[in-house]
Each structure stands twice: as structure tokens, then as C-alpha cells.
Amino acid sequence: MTDSILSVRDLAVEFDTFGGVVKAVRNVSFDLTAGQTLAIVGESGCGKSVTVQSLMGLIPMPPGRITHGRALFKDQDLLSIGARGIRGHHMGMIFQDPMTSLNPTMRIGDQIAETLVVHKQYSRKHAQDEAVSLLARTHIPEPGRRANQYPFEFSGGMLQRAMIAQALACEPAILIADEPTTALDVTIQAQILELMQTLQQDNGMSIILITHDLAVVARMADQVAVMYAGEIVETGSVEDIFYQPAHPYNQGLQQAMTSNQQPDRVLSPIPGSPPDLFSPPKGCGYCKRCPHAMSVCAEHPPYLTAVDASSHQSRCWLHHELAPVHNNPVRRP
Amino acid sequence: MFRYIAKRLLAGVITIWFIATATFFAMHAVPGDPLMNDRAVSDEVRRNLEARYGLDKPLGEQYIIFISNMLRGDFGISFTQQNRRVNDIIREHFPVSAILGILAIIIAALGGILWGALTALYRNRLPDILIMLLVILGISVPGFVFAATGQLALVHVNAIFGVKVLPVAGWGTFSHMLMPALVLGLGTMALLTRLMRTSMIDVMGEDYIRTAHAKGLSKQRIFLRHQLRNAILPVVTVLGPQISAITTGGFVVEYVFAIPGLGRYFVQAVQQLDYTVIMGTTVFYGAFLVLMVILVDILYGFIDPRVRVSA
């Protein structure tokens with residue numbers, strides 16, 4: 001892809017714990033297209049947060065360790081040590097819990113201005129003015145007065161707006177949003193998502209959206225990567241993922257989700273739980289829960305296979321040309 | 001803010017009144033009186049003295065006289081030191097104790113914050129282990145041991161260099177103050193170091209520190225602007241009570257270093273049941289400590305914006 005702004009290749013992250021080494025992220029690769037939104041979805045502990053945190057240099061080392069991989073942003077590897085100048089400048093990040101993600105003893109305006117002072121060498125005064133206009137852009141009423149307040153004087157939704165203002169201060173090319181609406185109630189969620197979309201249209205930035213909420217994905221994403229047990233198991237456009245799920249895990253997710261088209265359909269959960277990442281399975285991580293598992297699945301890890309002519313890919317042996325065609329849920333003629 | 005301070009001051013005045021009353025009656029409940037120290041006083045002389053000092057009056061009347069004098073700022077004349085007014089004793093000797101105490105608190109607070117932050121940054125590595133070992137020593141060894149050791153150390157240092165690097169005892173110049181203030185502040189410094197270390201480690205794991213990293217700030221900036229201020233809060237909270245611990249605990253250090261502070265008079269007065277000096281020094285110390293705690297609370301409000309508004 002020529003208009004890829006960020007390309008992650010073979011990223012692997014491990015953590016040393018008392019119980020042993022956790023292989024949290026295993027050989028994750030993806031591309032982020034300029035101006036588009038990539039959603040990374042998956043259940044708790046599948047490695048989606050660790051993936052983006054390693055891009056932002058937020059993995060605590062030790063116990064964390066990036067064992068493998070590259071993440072190229074404008075020809076610079078984000079995983080190398082010298083990438084600090086990019087963070088906060090060309091890449092902004094917002095977090096799950098806005099209530100605890102801002103410094104409680106620093107004025108909101110100062111926290112936003114700090115990024116501008118550090119990365120763009122603005123004067124204090126200039127940065128302060130800019131912070132106020134950023135708050136205005138994120139629809140915070142009375143931004144001039146609000147900039148002089150402290151986080152405890154803000155509500156949760158307003159804090160997330162302030163976080164967005166802070167992340168966007170230097171007009172980054174990429175905004176990483178790690179479960180930005182999980183801690184907010186539904187009406188505020190909708191407002192925050194809408195704000196992110198408007199700002200994306202204005203700035204032309206790309207968004208990496210981490211979430212486990214498929215409704216949020218359907219609303220926001222252009223591309224989707226489904227993660228399971230530290231790997232990307234399926235990736236494709238939002239239509240592909242929702243309407244032509246190719247991987248049995250993604251199919252299981254769709255079965256477990258309510259739908260407006262079929263309101264009477266019985267929801268069926270996926271049985272079992274994800275594998276232990278202390279010792280990842282030899283073959284496919286989903287094999288023990290998969291209703292279509294074959295003998296090869298337990299022995300050999302599947303690789304990402306193109307499902308159709310577009311960017312739709314799935315990590316499953318059922319796509320292999322030698323896989324049985326009869327009763328095959330993923331092979332389409 | 002003004003209302004807050006006014007409220008705290010009023011509470012302070014009530015506290016001081018309570019201290020004065022409790023001390024007054026407790027002191028009179030102790031068997032004996034200041035005149036017992038004079039050997040072989042005849043009954044007649046004793047009666048005359050009692051009449052002169054007003055000790056023959058009923059206790060309630062004595063209390064009213066004491067309170068009304070106190071309100072006029074007069075604590076009377078010492079029983080045991082001829083013709084010395086209690087006000088003069090306080091005026092001459094308190095500044096010495098105060099300077100020593102304030103210097104000790106400054107050393108303790110700065111040291112505690114510095115060492116605490118350092119141990120948190122080097123958590124579980126050599127600097128941390130070494131400092132924490134010293135901290136345990138500082139908390140468990142009593143002050144007079146440090147006082148004697150500090151003095152001995154000065155003697156040897158002066159002998160080795162052949163010049164007087166720091167005076168071993170006495171009072172007068174800044175160089176006289178350093179060693180006693182250090183010794184006096186050592187226990188508190190150890191305590192604050194532990195507190196600061198825990199607090200700093202807590203702050204380092206907070207979400208807003210992760211945010212600061214995500215903003216691409218340098219480690220130094222995150223430490224100075226985001227971690228330090230938030231980590232100091234619990235340290236400031238205990239500073240008020242620690243000031244009281246240091247100023248009243250200063251007697252031993254003052255004694256060892258032959259410093260003419262108020263502590264010695266305070267203890268002597270209690271031993272000799274010198275009513276006026278006991279009352280004067282106790283009420284004065286009480287007022288001083290109440291004021292210090294209020295000052296620390298106001299200071300806390302400046303560091304933590306959440307306290308400022310809710311007050």
C-alpha cells in the first residue's frame with residue numbers, strides 16, 4: 001500500500017512475571033492508511049492495548065520486552081530509542097479512564113500547553129492561548145475559564161474532551177485511542193465518538209481505535225483487525241468483518257452479537273476461554289474452542305491468507321487449498 | 001480562603017484555652033508546690049510567701065487571675081529564678097529553640113523528599129537498599145545517641161583537619177547550628193524518606209504518568225512537573241505533627257550541645273514545680289504548634305488544588 005502512514009511488522013512483546021514469561025503479542029503486522037480509522041478489536045488480554053502501547057513507548061521495561069518487530073512511521077522505527085520526539089507530537093494518545101489520566105494537581109490548560117511548549121517550542125503565553133482554542137474545538141463551554149481549572153472540576157466526558165484536546169495539540173498524524181469510551185456512559189460515548197470523527201475530517205489524521213465494543217467499531221472504523229491470543233486473526237474492511245466474517249472466531253463473535261436485522265435470533269456464546277499465554281499453543285490459538293477444528297490446527301500455526309481480492313485476510317487453515325470444501329464455513333466459491 | 005483561615009484560627013484559640021486550663025489544674029493536682037524546694041522554711045515565712053504569690057487563695061480564684069493575666073500576655077514571675085519574668089525567659093530562649101527547630105525541619109523535609117524520591121527511582125537496586133537501611137537506623141536509634149555520635153564525630157574531624165571545621169558545642173553563629181539541627185532532624189528525615197518513597201512509587205504507577213509519557217515528555221520533566229508535586233502531598237500532611245515532635249523533642253539535643261534553648265527551662269520547671277514557668281512555656285509551645293499546624297494546612301491548600309476549594 002502506498003498511502004500507508006504507519007506500518008507495523010512482526011511485532012512481538014513479552015512480559016516477565018512471577019509465573020513465567022507471558023507472550024502478550026505475537027507477530028502482529030498491520031498497516032494504517034492515511035486519514036482512515038483502523039479498529040483493533042478483541043477480548044480482554046488479547047494484546048490489543050500492549051500493541052499500541054509498544055508503539056507509544058509505554059511498555060514498562062522491565063518487566064516488558066519488545067523481542068521482535070518494526071513499526072515504521074515516516075521512515076523512523078517507533079520501537080527504537082530515539083522515537084520520543086514523535087510521541088505527543090506526530091502521534092497523540094487518549095486512554096480508557098479520563099478521570100485518572102490527567103494530572104490532578106495541574107491546571108487543564110497547563111497540561112495541554114505543556115505538549116506545545118515541549119514539541120513546538122511555543123512560548124508559555126502562546127501555548128496557553130492555543131490550549132484555550134483547542135478546548136473550544138473540542139466543544140468545552142467557556143474554554144477560557146475551564147483552562148484554569150483542575151481535573152477534579154471536570155466531569156468524565158469533559159475530561160475525555162480535554163484529553164483529546166491534549167492529544168491533538170500538535171496536530172498529530174495519528175491518534176491512538178485506547179478504549180476511549182469504555183468508562184463513559186452511552187450518551188457521552190456517542191458525543192466523544194462524534195467529536196473524534198469531526199476532528200478526523202478537519203485534520204485528516206488517522207486513528208487507531210482499540211475497543212471490545214463491536215458497535216463502536218461499526219460506527220467508526222474503515223479497517224478492522226481482530227486480535228485473539230496475541231495475534232491478528234482476521235483483518236479487512238469494516239464491511240468484510242461484519243458481513244463476510246472469514247475466521248471462525250470472528251464468526252463466533254457475530255453469532256454472539258445482537259442484530260437489528262434478525263431481532264429474534266438466539267445469541268450463541270463462544271464456549272471455553274482463550275489459551276494461556278504463558279505457553280501459547282503450538283498450533284492455532286483458537287483451535288480448542290473452534291467448532292470446525294481439524295487435526296492440522298492443533299499442530300501447525302495457520303498463517304494469514306487472503307480471503308478475496310481486497311485486503312481481507314484471515315489466519316485459518318480452512319482457507320488452505322487442501323482444506324475440505326464440504327461443510328467448510330469459511331471458503332466461498 | 002479567608003473564611004477557612006479564620007475558622008482554623010478560632011479553633012486554634014479554643015485549643016490553646018483548653019491546653020492552658022488542663023495544664024493549670026493538672027499541675028495543681030500534683031502533690032507539693034514550688035515553695036517546697038526552699039529548704040527549712042518556717043511556717044511564718046511560708047505563709048508570707050504564699051500570700052505574696054497568691055497561693056493561699058482558692059484554686060478557682062487563682063485560675064481566674066491566671067487566665068486574666070494570660071489574656072494580657074503576662075505569665076508572671078518565676079518561683080525558682082529570682083526576679084526573672086516568665087515572658088523574659090521565653091523571649092530570650094525561645095528564638096534559639098525556634099531557629100534550631102526550623103532548621104531541623106528544613107533539613108528533614110528536604111532530605112526526606114530527596115532521599116525518598118531517589119529510593120523510589122532506584123527501587124530495589126543498590127542505592128535504594130543502602131538508603132533504606134540507614135532509614136531504619138534513623139527511625140530506631142534514639143536522638144541522644146545521634147547527638148553524642150555527632151559531637152564525637154566533630155571532635156575527630158576537627159582533630160584531623162587541625163582547624164575548627166564546626167564547633168562541637170555552644171551557640172552563637174550559623175556553624176553552631178548545623179550539627180545539632182542535623183541530629184535533631186535525623187529521625188524525622190528517616191520517617192519522611194519512607195513516606196516519600198511509598199508515595200513516589202504509588203504516583204509512578206498512576207495513569208497520568210503514563211499520559212505524560214505518551215505526551216513525549218522527557219524523564220526529567222515528568223519527574224519534576226508530574227511526579228514530585230503529587231508525591232509530596234502525604235509528606236506535607238505529616239509535616240505539622242512532625243514540627244511539634246521536633247520542637248518539643250529538642251530538649252535532649254539542646255542539652256548535649258549546650259544550647260541555651262527553651263527546652264531546658266521547660267523540663268527544669270516541671271521538676272521544680274515552678275508554676276508560672278510551666279504555664280508560660282506550655283501555653284506558649286501550645287500556641288506555637290497550633291500556629292504551625294494551621295500554616296501547614298494552608299501550605300497544603302497551595303499544593304493540592306482539591307483542598308483549596310472544599311475548605
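To keep things clear, this report deals only with the structure shown in the data block.

**Structural notes on the sheet that holds strand E1 (residues 4–17) of chain A**
All names here are of chain A.
Next up, step 1: One open sheet holds the 4 strands; their spatial order is E2-E1-E4-E5, and the pairing between them is antiparallel. Strands at the two margins of the open sheet, each flanked by one partner only, are strand E2 (20–33) and strand E5 (76–77).
Next up, step 2: Most of the contacts of helix H1 (residues 48–55) go to E1, to which it runs at about 110°, and overall it touches E1, E2 and strand E4 (64–73).

**A look at empty space enclosed by the protein**
Residues and elements named next belong to chain A.
Next up, step 1: If you walk through the whole model with that rule in mind, you get 4 cavities of 30 Å³ or more.
Next up, step 2: When its volume is computed, the largest cavity comes out at roughly 80 Å³.
Next up, step 3: What lines the largest cavity is a set of 14 residues, and nearest its centre among them are Cys284, Cys290, Cys297, Cys316 and Trp317.
Next up, step 4: Looking at the lining of the largest cavity, its residues break down into 11 nonpolar, 2 polar and 1 charged.

**A closer look at unusual backbone geometry**
Residue and element names in this part refer to chain A.
Next up, step 1: Positive phi outside glycine occurs at Glu142, with the angle close to 50°.
Next up, step 2: In this structure, Glu142 sits in the loop between helix H3 (124–137) and helix H4 (143–146).
Next up, step 3: Judged by relative accessible area, Glu142 falls into the partly exposed class, the value being 48%.

**Side note on the layout of surface pockets**
Space left empty within the atom packing is revealed by a probe, the size of a water molecule, rolled over the atoms.
Next up, step 1: Here the largest pocket defines a volume of roughly 1,600 Å³.
Next up, step 2: Ile59, Pro60 and Met61 of chain A together with His213 and Lys219 of chain B are, among the 35 residues lining the largest pocket, the residues nearest its centre.
Next up, step 3: Examining the composition of the lining of the largest pocket, we find that 4 residues originate from one element, helix H9 (residues 219–248) of chain B, more than from any other.
Next up, step 4: Classifying every residue of the lining of the largest pocket gives 19 nonpolar, 9 polar and 7 charged.
Next up, step 5: Here the second largest pocket defines a volume of roughly 500 Å³.
Next up, step 6: Lining the second largest pocket are 20 residues, with Tyr53, Ile65, Asn69, Gly76 and Thr276 of chain B sitting closest to its centre.
Next up, step 7: If you list the elements that add at least two residues to the lining of the second largest pocket, you get helix H1 (2–29), helix H2 (43–53), helix H3 (59–71) and helix H12 (275–303) of chain B.
Next up, step 8: When the residues that make up the lining of the second largest pocket are grouped by side-chain class, the tally is 11 nonpolar, 6 polar and 3 charged.

Rules and cut-offs
- Residues numbered from 1 in each chain as written.
- Chains lettered and ligands numbered in written order.
- Predicted model: local features only at pLDDT ≥ 70, side-chain atom pairs only at ≥ 80, totals over all residues.
- Heavy atoms only, no water.
- Pairing = 2+ DSSP bridges.
- Helix = DSSP H or I, 4+ residues; strand = E, 2+ residues; numbered from the N terminus.
- Contact = heavy atoms within 4.5 Å.
- Axes fitted to C-alpha atoms, helices over the stretch in contact; angles between N-to-C directions.
- 1 Å grid on protein atoms, 1.4 Å probe; cavity = no way out; pocket = protein on both sides within 12 Å on 5 of 7 lines; lining within 4 Å.
- Points joined across faces, edges and corners; volume = space filled by probe spheres on them.
- Nonpolar A, V, L, I, M, F, W, Y, C, P; charged D, E, K, R; others polar.
- Buried < 20%, exposed > 50% of the residue type's maximum accessible area, 1.4 Å probe, protein only.

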